[in-house]
Amino acid sequence: MSNLENFSKELNELITSHIKKGADPQDIVDELTREANLIFAGYNLEIYLATRKGN
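Here is a short report on the structure shown in this document. This one's a predicted model, so the numbers in the text were calculated from it and none came from an experiment.

Helix and strand content of the protein chain: 2 helices and 0 strands. What you see for the protein chain is a C-alpha radius of gyration of 16 Å, clearly larger than the 10 Å of a compact globule of 55 residues, by over 25%. Classification of the 55 residues of the protein chain by burial places 2% in the buried group. Carbon and sulfur atoms make up 58% of the accessible area of the protein chain, which amounts to about 5200 Å² in all. A distance of 6 Å separates the average location of the 6 positive side-chain charges in the protein chain from that of its 9 negative side-chain charges.

Glancing now at the environment of Glu13. Here Glu13 lies in helix α1 (residues 2-20). Through-space distance from the C-alpha of Glu13 to that of Gln26 is 16 Å; in sequence the pair is 13 residues apart.

Right, let's talk about the environment of Glu5 for a bit. Within the secondary structure layout, Glu5 lies in helix α1. Sequence spacing of Glu5 and Tyr43 is 38 residues, and the spatial spacing of their C-alpha atoms is 23 Å.

Bringing a nonpolar patch on the surface into the picture now. Taken together, Ile39, Phe40, Tyr43 and Ile47 make up a surface patch of nonpolar side chains, about 460 Å² in accessible area. Among the residues examined, Ile47 registers a relative accessible area of 55% and is labelled exposed.

What follows is about a negative patch on the surface. On the surface, Asp24, Asp27, Asp30, Glu31 and Glu35 cluster together into a patch of negative charge. The partly exposed category is assigned to Glu31, whose relative accessible area is 45%.

Compared with an ideal rise of 1.5 Å per residue, which puts 19 residues at 27 Å, α1 spans 27 Å between its outermost C-alpha atoms and is within 8% of the ideal. Remark: Gly22 follows α1 within two positions and exhibits a positive phi of approximately 105°.

Calculation rules
- Residue indices follow the written sequence of each chain, beginning from 1 at its first position.
- Totals for whole chains, interfaces and linings use every residue, but because this is a predicted model, local features are given only for residues with pLDDT of at least 70 and side-chain atom pairs only at 80 or more, for both listing and counting.
- Values shown for side chains rest on all heavy atoms present in the structure; no hydrogens or waters enter the calculation.
- Runs of H or I in DSSP of at least four residues are treated as helices and runs of E of at least two as strands, each being numbered from the N terminus.
- Computation of the radius of gyration draws on C-alpha atoms, with the globule rule given as 2.2 Å multiplied by the number of residues to the power 0.38.
- Exposure is judged per residue with a 1.4 Å probe applied to protein chains only, and the accessible area is read against the type maximum: over 50% gives exposed, under 20% gives buried, and values in between give partly exposed.
- With residues, only the protein chains shown are counted as cover, and all accessible areas are computed by Shrake-Rupley using a 1.4 Å probe.
- Only four residue types enter the tally: Lys and Arg on the positive side, Asp and Glu on the negative side; His and the chain ends are excluded.
- Charge positions come from single atoms, namely NZ of Lys, CZ of Arg, CG of Asp or CD of Glu.
- Patch membership is restricted to residues that have no salt bridge and whose relative accessible area is over 30%. Joining uses 9 Å for like charges and 5 Å for the nonpolar side chains Val, Leu, Ile, Met, Phe, Trp and Tyr.
- Whenever Lys or Arg places a side-chain nitrogen within 4 Å of a carboxyl oxygen from Asp or Glu, that contact is recorded as a salt bridge.
- To estimate the expected span of a helix, subtract one from its residue number and multiply by 1.5 Å.

Structural data, given as structure tokens:
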């Protein structure tokens with residue numbers, strides 16, 4: 001749980017600092033969404049390929 005709390009705190013601090021420097025919050029959300037989709041799409045592809053290989 002500690003790692004999750006640390007990650008959450010650090011992410012919040014990073015986002016807050018970018019907003020304070022003038023970054024558009026929507027741009028931050030859009031970038032985080034793109035990055036998350038890239039990561040999860042990669043995992044989904046790996047799972048799909050592993051499943052197909054097993055058949």
